[in-house]
Amino acid sequence: MTDEHGPGRVTAGFREVYGTEPGGVWAAPGRVNLIGEHTDYNDGFVMPLALPHTCLAAASPRTDGVLRLHSGDVQGGVVELRVEELSPVAGGAGGGDRGGWAAYPAGVVWALREAGLLTGGAGGAELHFESTVPTGAGLSSSAALEVVTATALNDLYGLGLTPPRIAQLCQRAENAFVGVPCGIMDQMASACCTEGHALFLDARDLTQRQVPFDLAAEGLRLLVVDTRVKHELGDGAYASRRAACEAAARALGVRALRDVPFEGLDATLTELERLGCDTATRRRVRHVVTEDRRVEEVIERLDAGDTRSIGPVLTAGHASCRDDFEISCDELDLVVETANAAGALGARMTGGGFGGSAIVLVAEEDAEAVSKAVTEAFGAAGHRAPRIFPAVPSAGARRL
């Protein structure tokens, strides 16, 4: 479902479910992260780009405080909730997995109301969603669902929210309502990215710069390889990685690991050992500090017009995710090793890890051969065939 066909299809879906015409149709994209993994919740640097794959929402306001949610991608009927009863710990939606997919848009409404933006009967709405963002692939399908909800309600209720503020409220929804301790990157990417650019984001103060990223003009392609696996280890491992980073920052007396200078990294690791931090925690710190530096390296190379040279930086980032942060898996490692052996310029896992997707930077003329090599390697290893598609830097959330 492309965006050209999307508005008509999601409008028809809304009409079928609710029996009326929607007040409008909105879109918010998924994302891939070019570089900067697990740095956002450490107040560091990230560099995502929006995908052409989007979550669409057809929506209309209600004046009775009733929130009705329906997805064309999930079996089941309309989820009906009362806005004033939404709570992170109440049944229905909210509280981790109990509410399923509906917890994400419900959490956004809760966050808007908690921020004093929706009062009285405001916040009631009917929403119908359809998405082309692959789920479970580490491409931020949940952030797209959150951001499209907030963008629609922002317009329907004239809230006057900027894209960065929308992203902050959506992160609040996911952290406090859904119960996932994510950083700000995914929501900022979905809300703020622009076509033809990667987003250089400082996660501490949310300053951002749109960096031109026209791969086609340089004869390059960025492939996304969805491994189509998600290992259960990832469920609690994200929270444990974040806790280790925060504990190390406290031990060092800094606000966040972003404040550890790259030039003083060896001394910092020695100090952590003296303070009794274990080897695993010291490796987590080394990943975050070197990953922030890799984001800066990529920026420098893109600014110099040398996109090809970012390949080895991507591969170095994968090694750090694999060895120091320990969030890779056999399937992701196989993508990176096979792609590089087949002539890719560089490759790495992207997203939270333990499955999901990898990205591969490749010359246009080598894209087909590299894709074939990866697919064959998966077959030889007994893995399900991966899904491979180009990442085209696309627009952020918008009304269609």
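Keep in mind the model is a prediction, meaning the values are calculated, not measured. Along each chain, numbering runs from 1 in the same order as the chain's sequence is written. Predicted model: local features are reported for residues with pLDDT of at least 70 only, side-chain atom pairs are reported and counted for 80 or more only, and whole-chain, interface and lining totals are derived from all residues. Side-chain metrics rest on all non-hydrogen atoms present in the structure, leaving aside hydrogens and water.

**Some words on the nonpolar core**
Here is step 1: Among buried residues, those of type Ala, Val, Leu, Ile, Met, Phe, Trp, Tyr and Cys that are joined through side-chain atoms within 4.5 Å constitute a nonpolar core. Note on exposure labels: buried denotes an accessible area under 20% of the residue type's maximum, exposed denotes more than 50%, and partly exposed covers the range between, all computed with a 1.4 Å probe on protein chains only. Leu 34, Met 47, Leu 67, Phe 213 and Leu 222 are the most contacted members of the largest nonpolar core, which has 82 residues in total.
Here is step 2: Under the DSSP-based scheme used, a helix requires at least four consecutive residues in state H or I and a strand at least two consecutive residues in state E, with every element numbered from the N terminus. Take this core: its biggest share by element is nine residues, from strand S2 (residues 45-61).
Here is step 3: Whether two residues are in contact is decided by their heavy atoms: any pair within 4.5 Å suffices. If we ignore the near neighbours within four places in the chain, the residues touching Leu 222 are Leu 34, Leu 49, Phe 213, Leu 215, Ile 359, Val 360, Leu 361, Phe 389, Pro 390 and Ala 391.
Here is step 4: Residues Ile 327, Leu 334, Ala 347 and Phe 354 belong to the second largest nonpolar core, which totals 39 residues.

**Side note on the UniProt feature "site: Transition state stabilizer" (unreviewed entry) in the protein chain**
Here is step 1: UniProt positions are given in the numbering used here, feature names are shortened, and annotations may be inferred rather than shown by experiment. Listed under "site: Transition state stabilizer" (unreviewed entry) in the UniProt record, and renumbered for this structure, are Arg 31.
Here is step 2: Relative to the helices and strands, Arg 31 is located in strand S1 (residues 24-35).
Here is step 3: Excluding its chain neighbours within four sequence positions, the residues that come into contact with Arg 31 are Pro 48, Leu 49, Ala 50, Leu 51, Gly 138, Leu 139, Ser 140, Met 185, Asp 186, Ala 189 and Gly 351.
Here is step 4: Polar contact is defined as a pair of N or O atoms within 3.5 Å, subject to the rule that within protein one atom must be able to donate a hydrogen and the other to accept it, and that residues adjacent in sequence are counted only when both atoms are side-chain atoms. A polar contact of 2.9 Å, which involves the side chain of Arg 31, links it to the backbone oxygen of Gly 138.

**Here we look at the side chain of Thr 149**
Here is step 1: Counting through the fold element by element, Thr 149 comes out in helix H3 (residues 141-156).
Here is step 2: The class for Thr 149 is buried, based on a relative accessible area of 0%.
Here is step 3: Aside from chain neighbours lying at most four places away, what touches Thr 149 is Pro 105, Val 108, Leu 127 and Phe 129.

**Focus: the packing of aromatic side chains**
Here is step 1: What counts as a ring pair is set by centres within 6.5 Å for rings of Phe, Tyr and Trp (its six-membered ring), and what kind of pair is set by the plane angle: stacked under 30 degrees, edge-to-face over 60, tilted for all other angles. In total, this model carries five aromatic pairs according to the counting rule given.
Here is step 2: Judged by centre distance (5.7 Å) and plane angle (45°), the ring pair of Phe 45 and Phe 200 falls under tilted. Within this pair, whereas Phe 45 is found in strand S2, its partner Phe 200 is found in strand S6 (residues 197-202), the two being separated by 155 residues in sequence.
Here is step 3: What makes Phe 200 buried here is its relative accessible area of 18%.
Here is step 4: Relative to Phe 129, the ring of Trp 101 has its centre 5.9 Å away and its plane inclined at 75°; by these criteria the two rings are edge-to-face. Of the two residues, Trp 101 is situated in the loop between strand S4 (79-82) and helix H2 (103-114) and Phe 129 in strand S5 (residues 125-131); the sequence distance between them amounts to 28 residues.
Here is step 5: On the basis of relative accessibility, which here comes to 2%, the residue Phe 129 falls in the buried class.

**Considering the UniProt feature "binding site: substrate" (unreviewed entry) in the protein chain**
Here is step 1: Feature annotation in UniProt places "binding site: substrate" (unreviewed entry) on Glu 37, His 38, Thr 39, Asp 40 and Tyr 238, given in this structure's numbering. For this annotated set, covering 202 residues, all C-alpha atoms fall within 12.7 Å of each other, a compact arrangement in space. For the second largest pocket, the lining residues drawn from the annotated set are Asp 40.
Here is step 2: Mapped onto the fold, Glu 37 is located in the loop between S1 and S2. Think of a 1 Å grid over just the protein atoms. A cavity is a set of points where a 1.4 Å probe fits yet cannot get out, a pocket is an open set with protein on both sides within 12 Å along at least five of seven lines, and lining residues have an atom within 4 Å of a point.

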